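Examining the three-dimensional arrangement
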Amino acid sequence: GESVGLHLPTLSVQEGDNSIINCAYSNSASDYFIWYKQESGKGPQFIIDIRSNMDKRQGQRVTVLLNKTVKHLSLQIAATQPGDSAVYFCADLLRGFGNEKLTFGTGTRLTIIP
Amino acid sequence: DTGVSQDPRHKITKRGQNVTFRCDPISEHNRLYWYRQTLGQGPEFLTYFQNEAQLEKSRLLSDRFSAERPKGSFSTLEIQRTEQGDSAMYLCASSRWASGKSYNEQFFGPGTRLTVL
């Protein structure tokens with residue numbers, strides 16, 4: 001079936017450095033791609049989304065890049081802080097008859113080293 | 001805190017018992033979703049409601065699972081005759097869906113962690 005997967009399960013980054021989390025997707029019909037952050041004991045928290053007709057979108061300290069040619073998505077976090085330590089999921093969203101069902105990948109655990 | 005609450009936060013039960021979880025979405029949100037998340041995995045879609053109507057159920061939702069949203073506000077998810085494989089985090093999310101709008105962000109609750117012994 002269709003899936004959204006991640007290249008790396010863990011990533012350690014020095015505080016203050018930039019981090020890049022990668023994601024591969026297989027459903028070329030997806031309408032949106034979304035990044036979620038999940039801290040221990042909490043539900044996923046929305047970070048940023050990108051529509052399938054865009055290549056890049058920037059938020060506060062985060063940038064999402066979408067390469068539809070190779071079906072690749074990345075999340076860049078600038079000047080990482082200890083609070084960025086969490087598991088990051090990419091998800092794709094396919095709109096069909098009004099349903100907005102998210103399909104999540106496995107997740108990457110980001111650890112910020114002080 | 002996203003404004004979506006779930007109760008209980010943790011539930012330990014014995015195999016064969018029935019359990020029920022509750023989700024209270026953000027008050028003006030017309031859509032409510034249930035997801036299941038096992039350790040190390042991303043959430044998997046189970047079912048969703050628009051107001052009180054259950055519009056889609058995943059194949060993951062066996063006959064032992066039932067969800068309701070009787071008044072279009074809070075929702076319950078019941079698992080009958082629990083099995084050890086039901087152990088997971090059950091997440092609820094809500095959104096304010098409007099047709100033609102760009103992505104309608106889903107706000108997740110903290111989840112209910114179920115352990116079946």
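Here the residue index of a chain counts from 1 through its sequence in written order. Key to labels: chains lettered from A, ligands numbered from 1, both in the order written. It should be noted that, the model being predicted, local features are given only for residues of pLDDT at least 70 and side-chain atom pairs only at 80 or more, the latter also being counted only at that level, while totals for whole chains, interfaces and linings use all residues. Hydrogens are left out, water is left out, and the side-chain values use all remaining heavy atoms of the structure.

1. Observations regarding the interface of chain B and chain A
Reports of interface size often rely on the accessible area that becomes lost once the parts have come together. We apply this condition: Whether two residues are in contact is decided by their heavy atoms: any pair within 4.5 Å suffices. We define buried area as the total accessible area lost by two parts upon association, computed with a 1.4 Å probe and summed across both. Salt bridges are defined by distance alone: a side-chain nitrogen of Lys or Arg within 4 Å of a carboxyl oxygen of Asp or Glu.
Tallying the contact residues gives 23 residues for chain B and 21 residues for chain A. In this assembly, chain B packs against chain A so that about 1800 Å² is buried in total across both faces, 50% of it on carbon and sulfur atoms. Taken together, the connections running from chain B to chain A amount to one salt bridge. For Glu56 of chain B, the salt bridge identified is with Lys101 of chain A, shortest N-O distance 3.1 Å.

2. Comments concerning the sheet that holds strand β3 (residues 19–24) of chain B
Sheets are built from strands that pair by backbone hydrogen bonding, the pairs being arranged parallel or antiparallel. Residue and element names in this part refer to chain B. Which entries qualify depends on this criterion: By definition, two strands form a pair when at least two bridges between them are found by DSSP. A helix here means a DSSP run of H or I that spans at least four residues, while a strand means a run of E at least two residues long, and both kinds are numbered starting from the N terminus. Angles here are taken between N-to-C directions and fall from 0 to 180 degrees, while the axes themselves are lines fitted to C-alpha atoms, restricted in helices to the stretch in contact.
Pairing is antiparallel in the open sheet, where four strands are placed in the order β1-β3-β8-β7. Two strands lie at the open edges of the sheet, namely β1 (5–7) and β7 (65–68), each paired on one side alone. Averaged over all pairs of adjacent strands, the angle between strand axes in this sheet comes to 15 degrees, irrespective of strand direction.

3. Describing the environment of Ile77 of chain A
All names here are of chain A. Mapped onto the secondary structure, Ile77 falls in strand β8 (residues 72–77). C-alpha separation for the pair Ile77 and Gly16, spaced 61 residues apart in sequence, amounts to 10.0 Å. Those residues in contact with Ile77 that lie beyond four places of it in its chain are Asp17, Asn18, Ser19, Arg61, Val62, Asp84, Tyr88 and Leu110.

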